[in-house]
Amino acid sequence: DQQVKQNSPSLSVQEGRISILNCDYTNSMFDYFLWYKKYPAEGPTFLISISSIKDKNEDGRFTVFLNKSAKHLSLHIVPSQPGDSAVYFCAASFGTSYGKLTFGQGTILTVHP
Amino acid sequence: DAEITQSPRHKITETGRQVTLACHQTWNHNNMFWYRQDLGHGLRLIHYSYGVQDTNKGEVSDGYSVSRSNTEDLPLTLESAASSQTSVYFCASSSSGTGPEKLFFGSGTQLSVL
């Protein structure tokens, strides 16, 4: 049973436009959400996170939105750059899980020059 | 700089052989994790450890074991490799704390079981 789902396997956008990556979850116990970025032949690297007490968190070009009632979060990248081309994983945890993350399947983002 | 390293980067083995993947971190983190990445499944947790002599099973632990004899290392052993264990394996670590934590990942080991 996939508790964290990224239903779009891939996304293609033009440089300078907005990229929106989506993630849905089913476990209402999750209270902390993260996005990781992964380049080929490298490990995932942390990008941005959000606690369930917030509905938005911003860090430069990256913004994560959380809609708890819909159990949905999204990552917005504005403006998109070719260097953002990577696989993006959504992940979730809950308070007592001490670093144990549940990941989505990933979305391949391609930003065209 | 502190880091987390995995070895080997690539490994080819035969069905039935025992294989050990190494993971070493220099952050002095108490928490260490092993994940596998497969197409369509994302990353799934195999085993994890919250400190020396502590090990716990994750979501997909069958056929795998770990041991934690010091803070820096968490080797992953496949007791009798199967073709279904062909995957990319990632080790990760995080510090202990009372709040949410983010994981730091190694570069991965590509394992092929023929």
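Refer to the structure presented above.
Overview of the structure.

### Notes on the interface of chain A and chain B
Then, in step 1: Across the contact, 19 residues belong to chain A and 22 residues belong to chain B.
Then, in step 2: Here chain A meets chain B over a buried area of about 1,600 Å², counting both sides, of which 61% is carbon and sulfur.
Then, in step 3: The interface formed by chain A and chain B holds 0 salt bridges in total.
Then, in step 4: Counting residues per element, the side of chain A that touches chain B draws most heavily on strand β4 (residues 32-38) of chain A, at 4 residues.

### Observations regarding the sheet that holds strand β3 (residues 19-25) of chain A
Residue and element names in this part refer to chain A.
Then, in step 1: Spatially, the 5 strands line up as an open sheet ordered β1-β3-β8-β7-β6, and their pairing is antiparallel. In the strand order of this sheet, the two ends are held by β1 (4-5) and β6 (56-59), each with one partner.
Then, in step 2: With 2 bridges connecting them, β1 and β3 associate as antiparallel partners. Looking across to β3, one finds that Lys5 is bridged to Asp24.

### Side note on the pattern of salt bridges
Pairs can form between side chains of opposite charge once their charged atoms are near each other.
All names here are of chain A.
Then, in step 1: Within the structure shown, the criterion is met by 6 salt bridges over all chains.
Then, in step 2: Measuring nitrogen to oxygen at the nearest pair gives 4.0 Å for the salt bridge that ties Asp84 to Lys37. Here Lys37 lies in strand β4 and Asp84 lies in the loop between β8 (72-77) and β9 (86-93), a separation of 47 residues in the sequence.
Then, in step 3: A relative accessible area of 2% places Asp84 in the buried class.

### Side note on the environment of A:Ile108
Residue and element names in this part refer to chain A.
Then, in step 1: Following the sequence through the fold, Ile108 ends up in strand β11 (residues 107-112).
Then, in step 2: You can call Ile108 partly exposed: its relative accessible area is 45%.
Then, in step 3: Sequence-wise, Ile108 and Asn67 are 41 residues apart; in three dimensions their C-alpha atoms are separated by 23 Å.
Then, in step 4: Discounting residues that sit within four places of it in the chain, Ile108 has contacts with Pro9, Ser10, Leu11, Ala86 and Val87.

### Regarding the state of the cysteines
Then, in step 1: Going through the model one piece at a time under the given rule, you end up with 2 disulfides over all chains.
Then, in step 2: At a sulfur-sulfur separation of 2.1 Å, the disulfide partner of A:Cys23 is A:Cys90. Looking down the S-S bond of the A:Cys23 and A:Cys90 bridge, the torsion is -70°, so its handedness is left-handed. Note that A:Cys23 is positioned in strand β3 and A:Cys90 in strand β9, a separation of 67 residues in sequence. Each member of the pair, A:Cys23 as well as A:Cys90, is classed as buried.
Then, in step 3: Disulfide pairing places B:Cys23 opposite B:Cys91 at an S-S distance of 1.8 Å. Here the S-S torsion is close to -70°, and the disulfide linking B:Cys23 with B:Cys91 is therefore left-handed. Residue B:Cys23 is located in strand β3 (residues 19-25), and its partner B:Cys91 is located in strand β9 (residues 87-94); the two are separated by 68 residues in the primary sequence. Of the two residues examined, B:Cys23 and B:Cys91, each falls in the buried class.

### Some details on the environment of B:Phe105
Then, in step 1: Within the secondary structure, B:Phe105 is located in strand β10 (residues 104-105).
Then, in step 2: Since its relative accessible area comes to 10%, B:Phe105 is described here as buried.

### Structural notes on the sheet that holds strand β1 (residues 4-7) of chain B
Residue and element names in this part refer to chain B.
Then, in step 1: Here we have 4 strands laid out as an open sheet, ordered β1-β3-β8-β7, and antiparallel in their pairing. Every other strand in the sheet has two partners, leaving β1 and β7 (64-66) as the edge strands with one partner each. Ignoring strand direction, the axes of neighbouring strands in this sheet form an average angle of 20°.
Then, in step 2: When β3 meets strand β8 (residues 76-78), the two strands line up antiparallel, connected through 3 bridges. Directly across from Leu21, in β8, lies its bridge partner Leu76.

### Some thoughts on the packing of aromatic side chains
Then, in step 1: Under the counting rule described, the total for this entry stands at 15 aromatic pairs over all chains.
Then, in step 2: Consider the rings of A:Tyr36 and B:Phe105, whose centres lie 5.5 Å apart with planes at 85°: the pair is edge-to-face. Highlighted residues: A:Tyr36 in strand β4 and B:Phe105 in strand β10, drawn from two different chains.
Then, in step 3: When its relative accessible area of 0% is taken as the criterion, A:Tyr36 is described as buried.

Calculation criteria
Residues numbered from 1 in each chain as written. Chains lettered and ligands numbered in written order. Predicted model: local features only at pLDDT ≥ 70, side-chain atom pairs only at ≥ 80, totals over all residues. Heavy atoms only, no water. Contact = heavy atoms within 4.5 Å. Buried area = accessible area lost by both parts, 1.4 Å probe. Salt bridge = Lys/Arg side-chain N within 4 Å of Asp/Glu carboxyl O. Helix = DSSP H or I, 4+ residues; strand = E, 2+ residues; numbered from the N terminus. Pairing = 2+ DSSP bridges. Buried < 20%, exposed > 50% of the residue type's maximum accessible area, 1.4 Å probe, protein only. Disulfide = S-S within 2.5 Å. Axes fitted to C-alpha atoms, helices over the stretch in contact; angles between N-to-C directions. Phe/Tyr/Trp six-rings, centres within 6.5 Å; stacked < 30°, edge-to-face > 60°.

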